[in-house]
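Residues per chain, in single letters:
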Protein chains: 2
Amino acid sequence: MPREHHHSKRCGIYTHIAWHDIKKILLQKIISQSGYVSTTDWPTHKSEIPLGQVPVLEIDGFQLPQSVSIERYVTKQAKLYSTDDFEAAKTDSVIDTIDELRDANLYKIILKQMDEKLVEKRERNLLEEDVPKVFTKLEILIKNYGSDGRFFLGNKLTWADLCCYEQIIRILKLDPEILNKYPKLALNHEHVEKEPTLAEYIKTPPEASF
Amino acid sequence: MPREHHHSKRCGIYTHIAWHDIKKILLQKIISQSGYVSTTDWPTHKSEIPLGQVPVLEIDGFQLPQSVSIERYVTKQAKLYSTDDFEAAKTDSVIDTIDELRDANLYKIILKQMDEKLVEKRERNLLEEDVPKVFTKLEILIKNYGSDGRFFLGNKLTWADLCCYEQIIRILKLDPEILNKYPKLALNHEHVEKEPTLAEYIKTPPEASF
């Protein structure tokens, strides 16, 4: 029963690629120990981990693989994911919509292995086609699911807001003016940044051990 | 509260690309009405749907988009997804592992737009590289999570088994002998097919209205 006895658990996460900062915040709330596996140590650790891949969440010696599964579990523990099935489904549909950008990024990775010119074309397409498409959908979802416009679901922070925040800061690096065209996302972004835990983090990013 | 009052709900799904048969079985258990939107009617329907994309699950007039979100919600209602957070996380990690094959397929779609020779190469790679990689991981997960080797989680059917079944029958079309190399997946596949609802379906596939 991980939820009830969470405080007494030996619970750690191992990763050799740093998760995004947002995820670290979640992990700091929930996970007592975390380890960063260096590239040098990786061959040894690889053989000790079930699927030979990181991240792995370890709870009482049981190792859970797959970053998205870990993230879903951790957000549940952090009460950032509704226990009501239909509300949870709405959260999921926001995240699936955000993931359309992740998939767009996948294309980019593949193209990178192939041709430099195609990579440039892909980067232009990301801003000119994928971002407008996905951000427009997200504006509709925040209107349909949110209650006061601050957050995606009702009037409090959920996993959906964190995932969206993560993508937005990625896209802002490519186009710092992008949110001018998406007023609802801009309002959401502003309020997510005001969240106490996150605001503190942005001011003084902790020296994470992973 | 969708779970408690499910029987009294007006609940339907709209799609213009047929979901896989396995998903239809789930939908038949859970969803009272379903509509197939033809290509001709699509332009009209597109404008009535929040994100302009299908499938959409409609519950009491509220439209939920995104196929994976719908699938997760529906499997919860069908009791094919654990209410225990850590068990649910294990299920998710199986599905995320299966999705590595979906991503491999994504590559294929992208390559298709580019060069015929690369598509052929990609198809060979799918069987020679991606399938062995993912199927080997799935063998480890079924060993770690299952109790008697029949199913992925404990000793009963979950969403994980259905997702795996769906991918296996896709890969079997490319290589009918593939399961000889994966005894645990072969056993799982055999038991999923024996499940009463599924067995009945395979024998006499219903004339679904979508």
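Just so it is clear, the structure is predicted and the values come from calculations on it, not from any experiment.

Caption draft 1: Examining the overall build of chain A more closely. Looking only at helices and strands, one finds eight helices and four strands in chain A. Buried positions account for 52% of the 210 residues belonging to chain A. Across chain A, the fraction of contacts at a sequence separation of at least 24, relative to all contacts at a separation of at least 6, is 61%. Accessible area of chain A: about 10,100 Å², with a carbon and sulfur share of 52%.

Caption draft 2: A look at the pattern of salt bridges. Evaluation of the coordinates by the stated rule reveals 12 salt bridges over all chains. Note that Arg72 of chain B and Asp92 of chain A form a salt bridge whose closest N and O atoms lie 3.4 Å from each other. Taken together, the positions of Arg72 of chain B in helix α3 (residues 67-77) and Asp92 of chain A in helix α4 (residues 85-112) put the pair across two chains. With relative accessibility at 3%, the residue Asp92 of chain A sits in the buried group. Between Glu190 of chain B and Lys194 of chain B there is a salt bridge; the shortest N-O distance is 3.4 Å.

Caption draft 3: Spatial organisation of the environment of Pro55 of chain B. Relative to the assigned elements, Pro55 of chain B resides in the loop between α2 (42-48) and β3 (56-59). Sequence-wise, Pro55 of chain B and Ser67 of chain B are 12 residues apart; in three dimensions their C-alpha atoms are separated by 5.9 Å.

Caption draft 4: Spotlight on the pairing of strand β4 (residues 62-65) of chain B. Residues and elements named next belong to chain B. Summarising the sheet, β3 and β4 pair through four bridges and their orientation is antiparallel. Note on β4: the bridge partner recorded for Glu58 is Gln63. Here β3 folds back onto β4 in antiparallel fashion, the turn holding two residues, of which Asp60 has a positive phi close to 50°.

Caption draft 5: The packing of helix α6 (residues 159-174) of chain A against helix α7 (residues 183-194) of chain A, seen in detail. Residue and element names in this part refer to chain A. Across the interface, α6 lies against α7 with an axial gap of 10 Å and an inter-helix angle of 105°. In terms of orientation, α6 and α7 fall into the roughly perpendicular class. Taken together, the residues of α7 that come into contact with α6 (itself represented by Asp161, Cys164, Tyr165, Ile168, Ile169 and Leu172) are Leu185, Asn188, His189, Val192 and Glu193. Looking at side-chain class alone, the contact of α6 with α7 contains seven nonpolar, two polar and two charged residues.

Caption draft 6: Looking closely at the packing of aromatic side chains. Across all of its chains, the model carries 10 aromatic pairs over all chains by this definition. The interplanar angle of 70° and the centroid separation of 5.3 Å between the aromatic rings of Phe86 of chain A and Tyr73 of chain B together place this pair among those described as edge-to-face. With Phe86 of chain A in helix α4 and Tyr73 of chain B in helix α3, the pair connects residues from two separate chains. With relative accessibility at 8%, the residue Phe86 of chain A sits in the buried group. One aromatic cluster is present, formed by Phe62 and Tyr73 of chain A together with Phe86 and Tyr145 of chain B through successive ring pairs. The ring of Phe62 of chain B carries Lys90 of chain A above its face, with NZ or CZ at 4.4 Å from the centroid.

Caption draft 7: Region of interest: the environment of Ala78 of chain B. With respect to the helices and strands, Ala78 of chain B occurs in the loop between α3 and α4 (85-112). In this structure the C-alpha to C-alpha distance between Ala78 of chain B and Thr158 of chain B, which are 80 residues apart in sequence, comes to 9.4 Å.

Caption draft 8: How the structure looks around the side chain of Thr91 of chain B. Within the secondary structure, Thr91 of chain B is located in helix α4. With near-sequence residues (within four places) excluded, Thr91 of chain B lies in contact with Tyr81, Leu153, Thr158, Trp159 and Ala160 of chain B.

Caption draft 9: Local environment of α6 of chain A. Over its 16 residues, α6 of chain A runs 24 Å from end to end, which matches the ideal 22 Å to within 8%, given 1.5 Å per residue. When we look at burial in α6 of chain A, the residues that qualify are Trp159, Ala160, Asp161, Leu162, Cys163, Cys164, Tyr165, Glu166, Gln167, Ile168 and Ile171 of chain A.

Caption draft 10: Looking closely at the state of the cysteines. Residue and element names in this part refer to chain A. For the coordinates displayed, the defined rule picks out zero disulfides over all chains. You can see Cys163 has no disulfide; the closest cysteine sulfur is in Cys164, sitting 8.6 Å from it. What makes Cys163 buried here is its relative accessible area of 9%.

Caption draft 11: Quick peek at the confidence of the model for chain A. Residue and element names in this part refer to chain A. For chain A, per-residue confidence averages 77 on the pLDDT scale, and 69% of positions sit at 70 or higher. Between residues 1-9, whose pLDDT stays under 50, and residues either more than four places distant or in other chains, the model counts 16 contacts. Confidence over residues 206-210 falls short of pLDDT 50; this stretch has 12 contacts with residues more than four positions distant or in other chains.

Caption draft 12: Examining α3 of chain B more closely. All names here are of chain B. Taken across its 11 residues, α3 has nine buried, putting it largely inside the fold. Of all the positions in α3, only Ser69, Ile70, Glu71, Arg72, Tyr73, Val74, Thr75, Lys76 and Gln77 are classed as buried. Positive backbone phi, approximately 60°, marks Lys79, located one or two places after α3.

Caption draft 13: Representation of the side chain of Asp161 of chain A. All names here are of chain A. Inspection of the secondary structure assignment puts Asp161 in helix α6. The charged side chain of Asp161 is buried without a salt bridge, its nearest counter-charge being Lys156 at 8.5 Å. Aside from chain neighbours lying at most four places away, what touches Asp161 is Phe151, Phe152, Lys156, Asn188 and Val192.

Criteria and cut-off values
Residues numbered from 1 in each chain as written. Chains lettered and ligands numbered in written order. Predicted model: local features only at pLDDT ≥ 70, side-chain atom pairs only at ≥ 80, totals over all residues. Heavy atoms only, no water. Helix = DSSP H or I, 4+ residues; strand = E, 2+ residues; numbered from the N terminus. Buried < 20%, exposed > 50% of the residue type's maximum accessible area, 1.4 Å probe, protein only. Contact = heavy atoms within 4.5 Å. Areas by Shrake-Rupley, 256 points an atom, 1.4 Å probe, with all protein chains shown as cover. Salt bridge = Lys/Arg side-chain N within 4 Å of Asp/Glu carboxyl O. Pairing = 2+ DSSP bridges. Axes fitted to C-alpha atoms, helices over the stretch in contact; angles between N-to-C directions. Parallel < 35°, antiparallel > 145°, perpendicular 65-115°, else oblique. Nonpolar A, V, L, I, M, F, W, Y, C, P; charged D, E, K, R; others polar. Phe/Tyr/Trp six-rings, centres within 6.5 Å; stacked < 30°, edge-to-face > 60°. Lys NZ or Arg CZ within 6 Å of the ring centre and 35° of its normal. Expected span 1.5 Å × (residues − 1). Disulfide = S-S within 2.5 Å. pLDDT = per-residue confidence, 0-100. Lys, Arg positive; Asp, Glu negative; His and termini not counted.

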